[in-house]
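# Results of the structural survey
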Number of protein chains: 2
Amino acid sequence: MSLEKFFNPHSVAVLGVSRNPEKIGSVIFKNIIDSGYKGKVFAVNPNEEFVMGYKAYSSVLAIKDKIDLAVISVPSELVIKVVEECGKKKIKNVIMVTAGFKEVGDIKLEERLLKTIQKNKIKLIGPNCLGVINNYNGLDTLFIPIYRLKRPDKGNISFVTQSGAFGSTVLDLISAENYRLSKFISYGNGLNVDESDVLNYLSKDKETGIVVMYVEGVKDGKKFFKALMDIKKPVLILKGGKFEKSSKSTLSHTGSLAGINEVYEGIFKQTNAVITESMQDIFDFLKLFEKNIKIKGGRIQIITNGGGHGVISSDAVIENGFKLAELSRTSKAILKKELPSIATVSNPLDVVGDADDSRYELAIETCLKDRGNDVLLVNILYQTPKLTKNLINIINKLNNKSSKPIVVVSTGANFTEELRRGLEDKDIPCFQFPGNAVRAMKAVYDYYKND
Amino acid sequence: MSLEKFFNPHSVAVLGVSRNPEKIGSVIFKNIIDSGYKGKVFAVNPNEEFVMGYKAYSSVLAIKDKIDLAVISVPSELVIKVVEECGKKKIKNVIMVTAGFKEVGDIKLEERLLKTIQKNKIKLIGPNCLGVINNYNGLDTLFIPIYRLKRPDKGNISFVTQSGAFGSTVLDLISAENYRLSKFISYGNGLNVDESDVLNYLSKDKETGIVVMYVEGVKDGKKFFKALMDIKKPVLILKGGKFEKSSKSTLSHTGSLAGINEVYEGIFKQTNAVITESMQDIFDFLKLFEKNIKIKGGRIQIITNGGGHGVISSDAVIENGFKLAELSRTSKAILKKELPSIATVSNPLDVVGDADDSRYELAIETCLKDRGNDVLLVNILYQTPKLTKNLINIINKLNNKSSKPIVVVSTGANFTEELRRGLEDKDIPCFQFPGNAVRAMKAVYDYYKND
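In this report, we go over the structure that sits alongside the text. Every value quoted in this text rests on a predicted model; they were computed, and no experiment measured them.

## Some points on the interface of chain A and chain B
Chain A puts 63 residues into the contact, and the matching count from chain B is 63 residues. The largest share of the area that chain A buries against chain B comes from A:Arg148, A:Gln383 and A:Phe433, three residues that together contribute 15% of it. Joining chain A to chain B, the criterion identifies two salt bridges. A salt bridge links A:Lys242 to B:Glu319, with the shortest nitrogen-to-oxygen separation between them at 2.9 Å. At the junction of chain A with chain B, the criterion picks out 14 residue pairs in polar contact (both at pLDDT 80 or more). Elements with a minimum of two residues in the side of chain A that touches chain B: helix H5 (164-176), strand S13 (235-239), helix H8 (244-254), helix H10 (279-290), helix H11 (307-319), helix H15 (414-425) and helix H16 (434-448) of chain A. Considering every element that reaches the side of chain A that touches chain B, the biggest residue donor is H11(A), with nine residues. Partitioning the side of chain A that touches chain B into residue classes produces 27 nonpolar, 26 polar and 10 charged.

## Some remarks on the environment of B:Gly241
Checked against the element boundaries, B:Gly241 lands in the loop between strand S13 (235-239) and helix H8 (244-254). Here B:Gly241 falls in the buried class, since its relative accessible area comes to 0%.

## Regarding the relation of the copies chain A and chain B
Copy one and copy two of the chain differ by a rotation about a common axis and a shift along it. Aligned on chain B, chain A shows an RMSD of 0.0 Å; the corresponding rotation is 180° and the shift along the axis is 0.0 Å. Read as a symmetry element, the transformation amounts to a two-fold axis. When C-alpha positions in chain A are compared against the rotation axis, the closest is assigned to A:Gln280, at 5.2 Å. Same-surface contact between copies: 100% of interface residues of chain A are shared with the interface of chain B.

## Regarding the sheet that holds strand S2 (residues 40-44) of chain B
Residue and element names in this part refer to chain B. Pairing is mixed across the open sheet formed by seven strands, whose spatial order is S3-S4-S2-S1-S5-S6-S7. The open sheet has two edge strands with one neighbour each: strand S3 (50-51) and strand S7 (123-125). By the bridge criterion, three bridges tie strand S6 (residues 93-96) to S7 in an arrangement that is parallel. Considered in S7, the bridge of Val94 is made with Leu124. Set on the sheet, helix H3 (residues 79-88) makes contact with strand S1 (11-15), strand S5 (69-72) and S6; between it and S5 the angle comes to about 170°.

Conventions and cut-offs
- For every chain, the first residue of the written sequence is number 1, and numbering continues from 1 onward in sequence order.
- All chains are assigned letters beginning with A, and all ligands numbers beginning with 1, in the order in which they are written.
- Local features in this predicted model are restricted to residues of pLDDT 70 or higher, and side-chain atom pairs are both shown and tallied only at a pLDDT of 80 or more, whereas totals for entire chains, interfaces and linings draw on every residue.
- No hydrogens and no water enter the side-chain calculation; it runs on all heavy atoms of the structure.
- Any two residues whose heavy atoms approach within 4.5 Å are treated as being in contact.
- Defined in terms of a 1.4 Å probe, buried area is the accessible area two parts forfeit on being brought together, summed over both.
- In what follows, salt bridge is the name for a side-chain nitrogen of Lys or Arg lying within 4 Å of a carboxyl oxygen of Asp or Glu.
- Definition of a polar contact: a pair of N or O atoms within 3.5 Å, with one able to donate and the other able to accept a hydrogen when the atoms are protein atoms, and with sequence-neighbouring residues admitted only if both atoms are side-chain atoms.
- Here a helix means four or more residues in a row that DSSP labels H or I, a strand means two or more in a row labelled E, and each is numbered from the N terminus.
- Just so you know the grouping, Ala, Val, Leu, Ile, Met, Phe, Trp, Tyr, Cys and Pro go in nonpolar, Asp, Glu, Lys and Arg go in charged, and all remaining residues, Gly too, go in polar.
- Relative accessibility decides the category of a residue: with a 1.4 Å probe and only protein chains considered, values under 20% of the type maximum give buried, values over 50% give exposed, and everything between is partly exposed.
- Copies overlap after least-squares fitting; the atoms used are the C-alpha atoms of residues with pLDDT of at least 70 in both.
- For two strands to count as paired, DSSP must find a minimum of two bridges between them.
- Under this scheme, a helix contributes an axis fitted over its contacting stretch, all axes are lines through C-alpha atoms, and angles between N-to-C directions fall in the 0 to 180 degree range.

Honestly, it's all geometry; don't read function into it.
Structure (structure tokens):
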């Protein structure tokens, strides 16, 4: 099943555009136009001649051009009629935003819809979904105004979600935290395009480097398992409805019964899936996966200018099953010679509170050359007086010269925030807290260790 | 041991103020003056007549006024001399910022210092510390410029830390996230004022409602246990150096050997301590403890306008050992009558994506009256189109009328952030993610359940 035309259609018809710009169909129509989509866009409304300054067509049949994709947001009692019309017009790809099907108990309507699309050989994303964003061509079928939900920059993360609301919050945070998006797909009830179809599409999509998924239930376990085996990209999965009691609520949500948690975990572990336990995990893990950071061994060298952060980092290293690396004799000799006597030349390597940029440069450079470690965890506390913004350039230069990854932790607000952004802009991951950093390192390490 | 004069001195001498405003002593002197402290402040420098426009005294002995507190930041080779002078001047309270003692292996110097203060009956906070902030009188001995580390507003949280750097990052975040501070104490090597003395002081301090502690090692276990038993306030503890391997690094940090994790946990569980596992925990737990939120039973009712967040919240409820509450027949009847048919009247109660303010009002009001639950967990996703800022006032009104706590989760950036702040300003806790909210609820529930 090719989903190509859902993401790269030459022409789109929006069914249910109203004169009222706040109605769902109007927001969708406006978002597609405002987001820079270059294909043709048509507004359909049986009762108006013009909507928001654009010509309105009475139905898709009144449009002369070929239509690759229809986005439907008409009331549920009208969906069968308009889908039949799409069939007549030979539209093969439909996104249905409209809710009011199995998820509210109307199984009959959902069955009628399924028969209608099968008869007309239509691929349908939805119903009860937000639809798609292709960040590479400006196609954006979300019915959420941009002022409430800023869209992220172009990148390599594709995000697949059963729950539309969940998708919108993640999208909001992805954008605010400067992660970069490729595709977004909210597939809702998954009537005949399901999570596995989407995975198969993203598997071949060159603009997708990493997939994030929120799933509650899976329609076809074998198909999903195969899709997860086939995709050669990291797939971060958050599973909603882990317990019998909480999964009851998924029934009324997207109309699917969430499976038993253990079964899912067992399946995920055999595939390219990376299990996340919370929304926090998703954002932490993405920091490393998005930047293609690979950690090839378990020996971590900690550098810090604050003893407490060194200690907490050590705790996190051990809790996550990593090892504290040992400095080589050469490294120790260099560091003991060059650092002041109050510095601690060990692991953590504590360059102490009055460290300036050059002291960090020496410490990082020495540890990068040391063969006794596989990755550096560098705590930089910018509250101390002598560090400047130039440290970003220093770390960037060292990072570019070495194949060993550098993971930075910089705890703090305002001033620190600026420097954290500075590092992230140069694709050097920078976390708020040591615990989150090491947990993400563990996820990346486990993912690549069998490569 | 009374620490009163450390926090409320009538006069302060700063030893080691330089003409260079960037030197540690100068920053301390300037911070005390700029923070609105109303007592007398004296600068001591044996080589200058004036420093930064203020008269400099050659030693404390040259000052005629009585001095309640001396803050020492002279080089370590001079500390014995100046402490002797403090003794002669009858100064009984000394904060020593200077480092270079046991933490770098100079045990002899630390022993000499101890003898000197014992002989002169001096109470000493430090050495190797940041000192104190009393947010109620502007006393601020931190050597971190305010432009690098904004100070928080006045409040009821007191923060005690062995590690100065750790303290500075927490202070930075406390300030940025609008938590409110009472006292801050970085006690460093804890020479003769230790964590237990500080706890005993805060136990009686009326401006302290809740204590946050970062400890690596404890000097006197029995004394600490007694202090934790005696204090009738929540004490959130983060223990650094949990493992044998990671605790080695604490030796070189504040010169104390961290104890075995299990022993600490066992002790904490018998007292008023609340164990936190990470910096993230501290900030999450504080949201509820600071606002004096008490959760008196384990039955949680979830309200949401997004199915996915309802499901994730349910998972978190069960994972933390809480129960999903059941709506009473009366509540169900009201909600089924008033809410649209696509809403789900259950737990989670899903008011769905097109919910407006009044639909939330109805849902929250009905659940507050329902006796079948003990606390409401209200997810509000502001990405949906119909919710306005007035929802803050509605929730505030309902919250004021009811003794049952409301905990809000609002996932998102920019627009959401504004509304999250709006709720927090009215003392209604509002979290970014459901998992963090429920984990904090568990901490509060466990703390108060034996009351």
